[in-house]
Amino acid sequence: APYYKALSAERYVYHDPDCEDGMPRWVIDVNKPDVNKTDDLDSDGLCEDIGMLSSQYTLHPPTFAEWSMLCDGIYNQQFLTLPEGTSTMTVTTTATPTTTTSTSRNGTTTTTKST
């Protein structure tokens, strides 16, 4: 599966087939994934990420889904929209705090900003 990196920060979006709990998921994380591993791609053994979405689909993150987003130590459910077919994608949420992500599938980059 591909992974995406932020343009100006150590932030990544990637699919982890098994994050030590048996559940495949898309992840927003500060740790770079090891694409040679088959599970726990960030090697933290914790499954604690900025955001996560259970999914077996590995080609790219879904264009619209309800993600679990970490804010002040608590995971909150937030809908994220990733428009398809653009070189830059903006993620919008339906709850506060707001999370914005820019992604270039061609250039494999992702920018994440949480406020």
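A few points on the structure. In this convention, every chain numbers its residues from 1, walking through the sequence in written order. At least 70 in pLDDT is required for a residue's local features to be given in this predicted model, at least 80 for side-chain atom pairs to be given and counted, and no such filter applies to totals for whole chains, interfaces and linings, which use all residues. Processing note: side-chain calculations cover all non-hydrogen atoms of the structure and skip hydrogens and water entirely.

Attention shifts here to unusual backbone geometry. In this model, Cys47 sits at a positive phi of 60 degrees, which is unusual for a non-glycine residue. Among the structural elements, Cys47 can be located in the loop between strand S3 (25–29) and strand S4 (51–54). Each residue gets one of three labels from its accessible area relative to the maximum for its type: buried under 20%, exposed over 50%, partly exposed in between, using a 1.4 Å probe on protein chains only. Accessibility expressed as a relative area gives 12% for Cys47, which makes it buried. In the Ramachandran plot, Asp72 falls in the positive-phi region, its phi being about 55 degrees despite a non-glycine side chain. With respect to the element layout, Asp72 can be found in the loop between strand S5 (64–71) and strand S6 (74–81). Secondary structure elements are taken from DSSP: a helix is a run of H or I of four residues or more, a strand is a run of E of two residues or more, and numbering for both begins at the N terminus.

Here His60 is to be found in the loop between S4 and S5. Judged by relative accessible area, His60 falls into the buried class, the value being 15%. Under this definition, polar contacts are N or O atom pairs within 3.5 Å; protein pairs additionally need one hydrogen-donor-capable and one acceptor-capable atom, and for neighbouring residues in sequence, both atoms have to be side-chain atoms. Within the structure, His60 has its side chain in polar contact with the side chain of Tyr57 (distance 3.3 Å).

It is worth spelling out the environment of Asp40 at this point. With respect to the element layout, Asp40 can be found in the loop between S3 and S4. C-alpha of Asp40 to C-alpha of Asp16: the two residues are 24 residues apart in sequence and 6.5 Å apart in space. Residues contacting Asp40, with those up to four places away along its chain left out, are Asp16, Asp18, Cys19, Glu20 and Gly45. Whether two residues are in contact is decided by their heavy atoms: any pair within 4.5 Å suffices.

Next up on the list: the pairing of S5. As a general feature of sheets, a regular strand has side chains that alternate between the two faces. Two strands form a pair only when DSSP identifies at least two bridges running between them. Here 2 bridges tie S4 to S5, and the two strands are oriented antiparallel to one another. Looking at S5, one finds that Met52 is bridged to Ser68. Both S5 and S6 contribute to a ladder of 8 bridges, which runs antiparallel. Looking at S6, one finds that Leu70 is bridged to Tyr75.

Turning to the packing of aromatic side chains, a few remarks are in order. The description of two aromatic rings rests on the distance between their centres and on the angle between their planes. Stacked, edge-to-face and tilted labels apply to pairs of Phe, Tyr and Trp rings (six-membered ring for Trp) whose centres lie within 6.5 Å, assigned for plane angles under 30 degrees, over 60, and everything in between, in that order. Summed over all chains, the structure comprises 2 aromatic pairs. Note on Tyr3 and Tyr12: the rings are 6.1 Å apart at their centroids and 55 degrees apart in plane angle, and the pair reads as tilted. You can call Tyr12 buried: its relative accessible area is 4%. Ring centres of Phe64 and Phe79 lie 5.2 Å apart, and the angle between their planes is 10 degrees; this geometry places the pair in the stacked category. Here Phe64 is found in strand S5, whereas its partner Phe79 is found in strand S6, with 15 residues between them in sequence. Judged by its relative accessible area of 29%, Phe79 is partly exposed.

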